[in-house]
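# Overview (structure and organization)
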Amino acid sequence: DVTSSAAPVALGGIEEIGDAKAVHVLNGVAYVAAGADGLRVIDVSDPHALKSVGVIETGGDALDVQALGDRVYVADGSGALYVFDVGDPSYPVLIGQRKTPASAQGVHVVGDIAYVASAHYGVMAYDVSEPSVMRNLLVADTAGEATSLIVRGTKAYVADGSRALAVLALFPPCPGEGSACGT
């Protein structure tokens, strides 16, 4: 409850989800990237009674998450992007995965493109229209270590470690495998 921004009141919480790294809430469900504990799915429709409804191990270190429609995208520190079908949030189903060249630390999805902050490799982009066969669309090296990103229009804003902030111009459509259209 934030009726008074000077004194927000905690309405609820849940502790048995591991080491929460990131959260995305969609339609009364919170998807939590829980580090070594994978993806946790929490019913938050009643903030006074949060309830764990689904768990899926990624086998690595789930660092970031984005929910979009019936899909959840997880950036995993083991060097992978995972796509789950959450049509039934209680039973997330892995429908795609793509190895990344380095630790996948952040993810931001726009339409059918997943942009991934991939540590010292910079930013990767994958066509996720068919998650089982994700195609590489972009490799954009950054000067630092890409840890997080957000895409707005034709620009990607990247938290880039010692470089602090990098801004990349994206020029869609990106041509195929190995393209450097964002550099």
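Moving on, we come to the nonpolar core. Among the nonpolar cores identified, the biggest contains 16 residues, and Y31, L39, V65, V72, V74 and F84 are the most heavily contacted of them. Contributing elements (two or more residues each) for this core: β2 (29-33), β3 (39-43), β5 (62-68), β6 (71-76) and β7 (80-85). Those residues in contact with F84, other than ones at most four positions away along the chain, are L39, I56, T58, D70, R71, V72, V74, P92, V93, L94 and I95. Counting 15 residues, the second largest nonpolar core, distinct from the first, contains A117, A125, L137 and L170.

Spatial ordering of the open sheet is given by β13-β14-β15, a layout of three strands whose pairing is antiparallel. One side of each edge strand has no neighbouring strand; the edge strands of this open sheet are β13 (148-152) and β15 (165-169). Along the sheet, successive strands turn relative to each other by an average axial angle of 20°, direction set aside. Note: β13 against strand β14 (residues 155-159), five bridges, orientation antiparallel.

Residue placement: V158 occurs in strand β14. Classification of V158 by relative accessible area gives buried; the value is 0%. For the pair V158 and T142, spaced 16 residues apart in sequence, the C-alpha separation works out to 8.7 Å. Ignoring any residue separated from it by four or fewer positions in sequence, one finds V158 in contact with V123, A146, S148, L149, A164, L165, A166 and L168.

The strand order across the open sheet formed by four strands is β1-β2-β3-β4, and the pairing between neighbours is antiparallel. Two strands lie at the open edges of the sheet, namely β1 (22-26) and β4 (51-56), each paired on one side alone. Here the average twist between neighbouring strands, direction ignored, is 20°. As defined by bridge partners, β1 adjoins β2 across five bridges and the pair is classed as antiparallel. Looking at the pairing, L26 lines up with V29 of β2.

Of all five residues in strand β11 (residues 123-127), five are buried, a share of seventy percent or more. Alternating residues of β11 divide into V123, A125 and D127 and M124 and Y126, and every residue in both groups is buried. For strand β10 (residues 113-117) and β11, the ladder comprises five bridges, and the chain directions are antiparallel. What sits directly across from V116, in β11, is M124. From the end of β10 to the start of β11, which pair antiparallel, there are five residues, and A119 there has a positive phi angle of about 50°.

What counts and what doesn't
Residues numbered from 1 in each chain as written. Predicted model: local features only at pLDDT ≥ 70, side-chain atom pairs only at ≥ 80, totals over all residues. Heavy atoms only, no water. Core = buried A, V, L, I, M, F, W, Y, C linked by side-chain atoms within 4.5 Å. Buried < 20%, exposed > 50% of the residue type's maximum accessible area, 1.4 Å probe, protein only. Helix = DSSP H or I, 4+ residues; strand = E, 2+ residues; numbered from the N terminus. Contact = heavy atoms within 4.5 Å. Pairing = 2+ DSSP bridges. Axes fitted to C-alpha atoms, helices over the stretch in contact; angles between N-to-C directions.

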